[in-house]
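# Summary of the model geometry
One letter stands for each residue in the lines below.
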Amino acid sequence: MNIVFFGPPGSGKGTQAKLIAKEFNISHLSTGDILREKLNEGDNLSWQLKDIMSAGNLVSDEFLNKIIADKLISKRCINGFILDGYPRTKTQSDFFLSFIKSNQTYLNFVFDFKIDFKIAEERIVSRSKQEQRSDDNLGVIKVRLDKYMKETYPVSQFFSTNFDKNYFIIDADQEVSQIQKELIKIIKKGLN
Ligand code: AMP
């Protein structure tokens, strides 16, 4: 089973992706987590990534496409995947869609997390206190939300028209457990 999650920073999609991946035994591919792991490597690339990410900007499409292509063909995705944070731009979306087509991979569900940006901001501010992420302060949050609207929202719209039967809007203002229940219900119904 293969799933794509869309949603702005602070919409809780990372939390849900983890829960759903565990529930259905599929791989959770968070490009944010993958990039944050690379930051610890201490090489030249990690410094470049740190500059880009701590300013709230997007890392290059070429780099992301390569990371994701490698993961998707790896053993860890044998049962399927949840993409969390990718595709984020039109270039990534074009690459991803042609990649899955040539690998005869089917997308079972596309979930689009909708949230009031004010609530998203508040959630990120409270997360920053727990996780100490350098990109979780208010100035950077605004850049990230802005990037989402400009770059990723149009991609989610494209998926909503092209995967209309498999595309579901999720009200991300709800409690974590409520959203989880809703996702599981949709998935179970869709798989029957
Ligand atoms: P996230 O945890 O998904 O909010 O990602 C944290 C940061 O990693 C983003 O603000 C970007 O700098 C970078 N990033 C994550 N995914 C992507 C992507 N698909 N394309 C470009 N940059 C990304």
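Scroll up a little and you will see the structure.
As a starting point, this report considers the structure included with it. Keep in mind the model is a prediction, meaning the values are calculated, not measured.

### Examining unusual backbone geometry
For residues other than glycine, phi is negative in most cases, and the peptide bonds are mostly trans. The peptide bond linking Tyr86 to Pro87 adopts the cis configuration, its omega dihedral lying at -5°. Within the fold, Pro87 resides in the loop between strand S3 (81-84) and helix H5 (90-102). Even without a glycine there, the phi angle at Asn25 is positive, about 55°. With respect to the helices and strands, Asn25 occurs in the loop between helix H1 (13-24) and strand S2 (27-30). For Gln104, which is not glycine, the phi dihedral falls at a positive 50°. Residue placement: Gln104 occurs in the loop between H5 and strand S4 (109-114). Judged by C-beta crowding, with 6 C-beta atoms within 10 Å, Gln104 ranks as exposed.

### Some remarks on the packing of helix H4 (residues 61-72) against H5
Where H4 contacts H5, the axes come no closer than 10 Å and their chain directions differ by 25°. By the angle class used here, H4 and H5 are roughly parallel. The crossing of H4 and H5 is right-handed. Where H4 abuts H5, its residues Asp61, Leu64, Asn65, Ile68, Ala69 and Leu72 lie against Thr91, Gln92, Phe95, Phe96 and Phe99. By residue class, the composition of the contact of H4 with H5 is seven nonpolar, three polar and one charged.

### Notes on the site of the ligand
Neighbouring the ligand are 17 residues; Thr31, Gly32, Leu58, Gly85 and Arg88 lie closest to it. At the level of secondary structure, the elements contributing two or more residues to the shell around the ligand comprise helix H2 (31-39) and helix H3 (44-54). The element contributing the most residues to the shell around the ligand is H2, with three residues. Each residue belonging to the shell around the ligand can be placed in one class, and the counts come to eight nonpolar, six polar and three charged.

### Things to note about the sheet that holds strand S5 (residues 167-171)
Overall, parallel pairing links the five strands, which are arranged S2-S3-S1-S4-S5 in an open sheet. Of all the strands in the sheet, just S2 and S5 have a single pairing partner and so form its edges. Along the sheet, successive strands turn relative to each other by an average axial angle of 20°, direction set aside. Relative to S4, strand S1 (residues 2-6) runs parallel, the two being bridged by four bridges. Of the residues in S4, the one forming a bridge with Phe6 is Asp112. On the sheet, helix H8 (residues 176-191) packs against S4 and S5 and is oriented at approximately 165° with respect to S5.

Conventions we followed
- Residues numbered from 1 in each chain as written.
- Predicted model: local features only at pLDDT ≥ 70, side-chain atom pairs only at ≥ 80, totals over all residues.
- Helix = DSSP H or I, 4+ residues; strand = E, 2+ residues; numbered from the N terminus.
- Buried ≥ 20, exposed ≤ 12 C-beta atoms within 10 Å, placed from the backbone.
- Axes fitted to C-alpha atoms, helices over the stretch in contact; angles between N-to-C directions.
- Parallel < 35°, antiparallel > 145°, perpendicular 65-115°, else oblique.
- Left-handed = near helix turned anticlockwise from the far one by under 90°.
- Contact = placed C-beta atoms within 7 Å.
- Nonpolar A, V, L, I, M, F, W, Y, C, P; charged D, E, K, R; others polar.
- Near = placed C-beta within 6 Å.
- Pairing = 2+ DSSP bridges.

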